[in-house]
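Notes for the structure review
Spelled out, the chains give:
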Amino acid sequence: MVPQQTADGFLRIITENKGLIYKVAHLYCSNDEDRKDLCQEIIYQLWRSFQRYDEQYKLSTWMYKIALNVAISFYRKGQRHARAQPLTPDLLQLVPDKEPDGTEQQIRLLRQYINTLHELDRALMILYLEEKSHKEIADILGLTTTNVATRIGRVKEKLKQKFANTNN
Amino acid sequence: MDDMELKNLWQAYDQKLEKSLSLNLHIMQELQKQKASSALRPLRAYNLLMIGLGIIWISILSFFVSHAFTYQGIFFALSGGAIILFNVFAIIIYIYHIVLIQQVDNSDTVIGAQKKLASLQASSIKAVRILFLQTPFYGTFFYSPAMLASTGVIGWLVIISITGLLVGISIWLYRNIDYKNMHKKWFKHLFSGWEWNGVIKARAFLDEIAEFERM
């Protein structure tokens, strides 16, 4: 039996970081049903790992490692995970914007472009856009900081090129 | 679009999510009550199944081999013994896979965890390579000194050709079942089907990871 304090602590962490989970799931799954499954799988794996979480490590580093690993494995499997007990309703629910503004289309394009990247470059780009330092990105991905800097430069160029092609 | 614009766009996305994303607390509580299940369970089950089948096969062979150590049964005993040995090697590989599965941890670095997972899938082919080496012994177990003594020249030619061919094929396969040959037609024929597609994709992913690490 998990202590209530642990369960409450986890709930608070997920509530505060629900956007992180949604964004990762959204960039690795374009299908709604799969995305729903992936969100559940990420939260479930975070929950399983939470009881072993070592507080000397940064919470966001721990969360990104698990979320990205689960998302990449899910994406590579190319199919929905057959969970023992699937939970049908959405764990993360998105209320559609009543008044969509001009940025909506740009955000959709950005997501679409990131979706075309290789799965590891996608992870790199999410972390870059989340304004993580090169050191933290290196810790999450398991690369050197020099490698992170070089790759970010290349991937950014690809994205800018895609935006430029769209605007022309 | 410059760096700043990209980041501002992402921030706008973040703010929209913050405003419109909600967590279903009921589902969350249900999820926390679920018993542990792992996405690697099918892979673990496959390896356990192969270990189980291997042990059964080795037990059956051992029973017959242990009763065949006579002058007339020497070919059966030696061929059976060799087949047992190759199956023991294959079982050791499957046990090693189970150990690797235990070590896969999602809180590891992305490259570290994905490398372990892909290596695990890709190394299934090692067991198959070893198992191919046992093939010639399936062509020798039924010989007996009495049978060989009464065999004429043509019979000897047939025996030597078949055994030689099986030895040649098995050694060739052992040496050539390698990912560098995965684009070749014979490789695709030999390793077709969903269970091998995953293995081949895993190998390709390992190459992509190596490329990613190289810069």
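Up top is the structure.
Residues numbered from 1 in each chain as written. Chains lettered and ligands numbered in written order. Predicted model: local features only at pLDDT ≥ 70, side-chain atom pairs only at ≥ 80, totals over all residues. Heavy atoms only, no water.

Points about the overall build of chain A
Counting its secondary structure elements, chain A contains eight helices and one strand. Here chain A, with 168 residues, has 52% of them falling under the buried criterion. The long-range fraction of contacts in chain A, counting pairs at least 24 apart against all pairs at least 6 apart in sequence, stands at 72%. Accessible area of chain A: about 8,100 Å², with a carbon and sulfur share of 48%. (Helix = DSSP H or I, 4+ residues; strand = E, 2+ residues; numbered from the N terminus. Buried < 20%, exposed > 50% of the residue type's maximum accessible area, 1.4 Å probe, protein only. Contact = heavy atoms within 4.5 Å. Areas by Shrake-Rupley, 256 points an atom, 1.4 Å probe, with all protein chains shown as cover.)

Quick word on the state of the cysteines
Residues and elements named next belong to chain A. Counted by the stated rule, this structure contains zero disulfides over all chains. We note that Cys-29 lacks a disulfide partner, and the nearest cysteine sulfur, in Cys-39, lies 8.5 Å from it. Overall, Cys-29 belongs to the buried group, its relative accessible area being 5%. Classification of Cys-39 as buried rests on a relative accessible area of 4%. (Disulfide = S-S within 2.5 Å.)

With respect to the pattern of salt bridges
Residues and elements named next belong to chain A. This model, assessed by the stated rule, comprises 17 salt bridges over all chains. Residue Glu-33 is joined to Lys-36 by a salt bridge in which the shortest nitrogen-to-oxygen separation is 3.7 Å. Residue Glu-33 and its partner Lys-36 are both found in helix α3 (residues 32-50); the two are separated by three residues, about one turn of the helix. Residue classification places Lys-36 among the buried positions, given a relative accessible area of 17%. In this structure, the salt-bridge partner of Lys-58 is Glu-136, at a minimum N-O distance of 3.1 Å. Residue Lys-58 is located in the loop between α3 and α4 (59-77), and its partner Glu-136 is located in helix α7 (residues 134-141); the two are separated by 78 residues in the primary sequence. (Salt bridge = Lys/Arg side-chain N within 4 Å of Asp/Glu carboxyl O.)

Focus: the packing of aromatic side chains
All chains considered together, the criterion is met by 17 aromatic pairs over all chains. Between Phe-86 of chain B and Phe-137 of chain B the ring centres are 6.1 Å apart and the planes differ by 35°, which places this aromatic pair in the tilted class. Of the two residues, Phe-86 of chain B sits in helix α4 (residues 74-103) while Phe-137 of chain B sits in helix α7 (residues 135-138), which places them 51 residues apart along the sequence. Residue Phe-86 of chain B is classed as buried on the basis of its relative accessible area of 18%. Looking at Phe-137 of chain B, the relative accessible area reads 28%, which means it is partly exposed. Directly above the aromatic system of Tyr-75 of chain A lies the positively charged group of Arg-122 of chain A, at a separation of 4.6 Å from the ring centroid. Directly above the ring of Tyr-174 of chain B sits Arg-129 of chain B, whose terminal nitrogen or CZ lies 4.4 Å from the centroid. (Phe/Tyr/Trp six-rings, centres within 6.5 Å; stacked < 30°, edge-to-face > 60°. Lys NZ or Arg CZ within 6 Å of the ring centre and 35° of its normal.)

Observations concerning the interface of chain A and chain B
Across the contact, 72 residues belong to chain A and 53 residues belong to chain B. Our count for the chain A to chain B interface comes out at five salt bridges. Across the pair Asp-3 of chain B and Lys-160 of chain A runs a salt bridge whose closest N-O atoms are separated by 3.0 Å. Summed over the shared surface of chain A and chain B, the result is 15 residue pairs in polar contact (both at pLDDT 80 or more). Top element by residues in the side of chain A that touches chain B is α4 of chain A. It accounts for 10 residues. Sheet topology places strand β1 (residues 92-94) of chain A next to strand β1 (residues 21-23) of chain B; three bridges connect them, and they run antiparallel. Following the sheet pairing, Leu-94 of chain A is matched in β1 of chain B by Leu-21 of chain B. (Polar contact = N/O pair within 3.5 Å; in protein donor to acceptor, adjacent residues only side chain to side chain. Pairing = 2+ DSSP bridges.)

Things to note about the nonpolar core
Core analysis: the largest hydrophobic core is formed by 87 residues, its most contacted members being Ile-21, Val-24, Tyr-28 and Leu-68 of chain A. At 10 residues, α4 of chain A tops the list of elements feeding residues into this core. Residue-level mapping places this core at the junction of two domains, with at least three residues from each of domain 1 (1-79) and domain 2 (102-168) of chain A. Residue contacts for Ile-21 of chain A: discarding those within four places in its chain leaves Ile-14, Cys-39, Ile-42, Ile-43, Leu-46, Met-63 and Leu-92 of chain A. Val-65, Ala-77, Ala-127 and Ile-130 of chain B belong to the second largest nonpolar core, which has 17 residues in total. (Core = buried A, V, L, I, M, F, W, Y, C linked by side-chain atoms within 4.5 Å. Domains from an automatic or database assignment.)

Function cannot be inferred from these measures alone, as they are strictly geometric.
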